[in-house]
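Residue strings, one per chain:
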Amino acid sequence: KAGVTQTPRYLIKTRGQQVTLSCSPISGHRSVSWYQQTPGQGLQFLFEYFSETQRNKGNFPGRFSGRQFSNSRSEMNVSTLELGDSALYLCASSPRQGTEAFFGQGTRLTVV
Amino acid sequence: QKEVEQNSGPLSVPEGAIASLNCTYSDRGSQSFFWYRQYSGKSPELIMFIYSNGDKEDGRFTAQLNKASQYVSLLIRDSQPSDSATYLCAVTGFQKLVFGTGTRLLVSP
């Protein structure tokens, strides 16, 4: 069974630009969650999607948004990038909400 | 009060010793409990889950759950240098998986 696939693996963007990250969950998993991780910080929860609907949202500004498609694939968008958005962005898929999560390899975003 | 709390460490143990990692949680309604291992620069990897009070063993790993005291622990027997990583505790509550900030484990040869 294929794992969680995140693309791209690495990104370098300039302040003010926007970026879209993609996540393909494990086949059959319907819940996709996004996390931000910075050096010295724990996993910061961004949001969770289940059946194409955002079910939970973390404490991040509106510049961070996401969506989920009918095939459970998810995208995350960050607009007006700031230097502080440089981080490892992790996607995790779960069979259902609130169950074990399996992480992708992450997208490392650098904002310069 | 944080929903899931872990000592950030580092917890240093010699090779071959037992490493004990602890986690407390605030939501008494939590149903499922998970331990993840994260190597530096890598994504978290699920290593154990436990749903019922008591112990659950898987190889060198034992997860212990005490719902009355609201804590869950992970024991690693015969610790190896390759076990050096950050260990994240995660707990489900209100259909949401909540992570602790992790405990860094260092196993010295």
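> Quick question: what am I supposed to make of the overall build of chain B here?
In terms of regular secondary structure, chain B is built from 0 helices and 11 strands. Put simply, chain B runs from its N terminus to its C terminus through helices and strands in the order β-β-β-β-β-β-β-β-β-β-β. What you see for chain B is a C-alpha radius of gyration of 13 Å, in line with the 13 Å of a compact globule of 109 residues. In terms of overall dimensions, chain B has C-alpha extents of about 40 × 30 × 20 Å along its principal axes. By the burial criterion, 44% of the 109 residues in chain B qualify as buried. Long-range pairs, those at least 24 residues apart, make up 53% of the contacts in chain B between residues at least 6 apart in sequence. Counting every atom, chain B has about 5,400 Å² of accessible surface; 48% of that belongs to carbon and sulfur.

> For this particular structure, what's the right way to read the overall build of chain A?
Assigned secondary structure in chain A consists of 0 helices and 11 strands. Put simply, chain A runs from its N terminus to its C terminus through helices and strands in the order β-β-β-β-β-β-β-β-β-β-β. Rg of the C-alpha trace for chain A: 13 Å, near the compact-globule value of 13 Å for 112 residues, within the 12% margin. Dimensions along the principal axes, computed over C-alpha positions, put chain A at roughly 35 × 25 × 25 Å. Out of the 112 residues belonging to chain A, those deemed buried represent 54%. If you take every contact in chain A between residues at least 6 apart in sequence, the share linking residues at least 24 apart comes to 54%.

> Please clarify how the pattern of salt bridges should be interpreted in this entry.
A side chain with one charge can pair with a side chain of the opposite charge if their charged atoms come near. Taken as a whole, this structure holds 7 salt bridges over all chains when the rule is applied. Across the salt bridge formed by Glu75 of chain A and Arg67 of chain A, the nearest N and O atoms sit 3.3 Å from each other. On the accessibility criterion, Glu75 of chain A (16% relative accessible area) is buried. For Arg37 of chain B, the salt bridge identified is with Glu45 of chain B, shortest N-O distance 3.0 Å. The class for Glu45 of chain B is partly exposed, based on a relative accessible area of 37%. Among the charged side chains, a salt-bridge network with shared partners connects Arg63, Glu82 and Asp85 of chain A.

> I tried to follow the sheet that holds strand 1 (residues 4-5) of chain B on my own but got confused; where do I start?
Working definition: the strands of a sheet are paired by backbone hydrogen bonds and lie parallel or antiparallel to each other. All names here are of chain B. The 5 strands lie next to each other as 1-3-8-7-6, forming an open sheet whose pairing is antiparallel. One side of each edge strand has no neighbouring strand; the edge strands of this open sheet are strand 1 and strand 6 (54-58). In this structure, strand 6 lies alongside strand 7 (residues 61-66), joined through 5 bridges in antiparallel fashion. Considered in strand 7, the bridge of Gly54 is made with Leu65.

Procedures and definitions
- Residues numbered from 1 in each chain as written.
- Chains lettered and ligands numbered in written order.
- Predicted model: local features only at pLDDT ≥ 70, side-chain atom pairs only at ≥ 80, totals over all residues.
- Heavy atoms only, no water.
- Helix = DSSP H or I, 4+ residues; strand = E, 2+ residues; numbered from the N terminus.
- Rg over C-alpha atoms; globule rule 2.2 N^0.38 Å.
- Buried < 20%, exposed > 50% of the residue type's maximum accessible area, 1.4 Å probe, protein only.
- Contact = heavy atoms within 4.5 Å.
- Areas by Shrake-Rupley, 256 points an atom, 1.4 Å probe, with all protein chains shown as cover.
- Salt bridge = Lys/Arg side-chain N within 4 Å of Asp/Glu carboxyl O.
- Pairing = 2+ DSSP bridges.

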